[in-house]
Amino acid sequence: MAIASLIQAKKWLRLELDYTEEDSTIQTLLDAAERYIYNATGTHFTSDNPLAVLLQQVLVCEMYERREATACVTEQIRQKPIVQSMVLQLQYAESGEAT
């Protein structure tokens, strides 16, 4: 089960829901962000964890807005204090919140 849906991501990015031209790109970013969260925490989260949803949306937004410079985006994202804080909180999340 995914953390956030394509519809949630499009709303977060302030894109019209009927604008479908970049749906596959956004879905790829969602998948990459979900993998990033798993790699950083060792836990598979679901949409039941609002912090995981928020972190995935932040990651997708950062990657979407900077998709031309993807090589250095991951390091820039990793260094953002808000991302570091959310990853740390998810690493120590109660096991009842993770699946």
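This report concerns the structure included in the present document. Computed from a predicted model, the values in this text were never measured in an experiment.

## Here's the deal with the packing of helix H2 (residues 23–41) against helix H3 (residues 50–65)
No. 1: Contact pair H2 / H3: the axes reach a minimum separation of 9 Å and the direction vectors enclose 125°. In terms of axis orientation, H2 runs oblique to H3. At the point where H2 passes H3, the crossing takes the right-handed sense. When H2 is examined against H3, the residues Ile-26, Leu-29, Leu-30, Ala-32, Ala-33, Glu-34, Tyr-36 and Ile-37 are found in contact with a partner set consisting of Ala-52, Leu-55, Gln-56, Leu-59, Val-60, Met-63 and Tyr-64.
No. 2: When its residues are assigned to classes, the contact of H2 with H3 shows 13 nonpolar, 1 polar and 1 charged.

## Remarks on the nonpolar core
Generally speaking, nonpolar side chains in soluble globular proteins are found buried as a group.
No. 1: Membership of the largest hydrophobic core comes to 26 residues, with the highest contact counts inside it found for Leu-13, Ile-26, Ile-37, Leu-55, Leu-59 and Val-83.
No. 2: Per element, the largest residue contribution to this core is 9 residues, and it comes from H3.

## Considering helix H5 (residues 81–91)
No. 1: By the burial criterion, the buried members of H5 are Val-83, Met-86, Val-87 and Leu-90. One face of H5 carries all of its buried residues, which in axial projection span an arc of 100°.

## A word on H2
No. 1: In this model, H2 (19 residues) spans 27 Å end to end at C-alpha, consistent with the 27 Å of a helix rising 1.5 Å per residue.
No. 2: All of the buried residues in H2 are Asp-23, Ile-26, Leu-29, Leu-30, Ala-33, Tyr-36, Ile-37 and Thr-41. On an axial view of H2, the arc spanned by its buried residues comes to 140°, and they lie on one face. Those residues of H2 that are exposed and angled more than 90 degrees off the buried face are Ser-24 and Asn-39.
No. 3: Directly beyond the C-terminal end of H2, a positive phi value near 75° is found at Gly-42.

Conventions used here
Residues numbered from 1 in each chain as written. Predicted model: local features only at pLDDT ≥ 70, side-chain atom pairs only at ≥ 80, totals over all residues. Heavy atoms only, no water. Axes fitted to C-alpha atoms, helices over the stretch in contact; angles between N-to-C directions. Helix = DSSP H or I, 4+ residues; strand = E, 2+ residues; numbered from the N terminus. Parallel < 35°, antiparallel > 145°, perpendicular 65-115°, else oblique. Left-handed = near helix turned anticlockwise from the far one by under 90°. Contact = heavy atoms within 4.5 Å. Nonpolar A, V, L, I, M, F, W, Y, C, P; charged D, E, K, R; others polar. Core = buried A, V, L, I, M, F, W, Y, C linked by side-chain atoms within 4.5 Å. Buried < 20%, exposed > 50% of the residue type's maximum accessible area, 1.4 Å probe, protein only. Arc of directions from axis to C-beta. Expected span 1.5 Å × (residues − 1).

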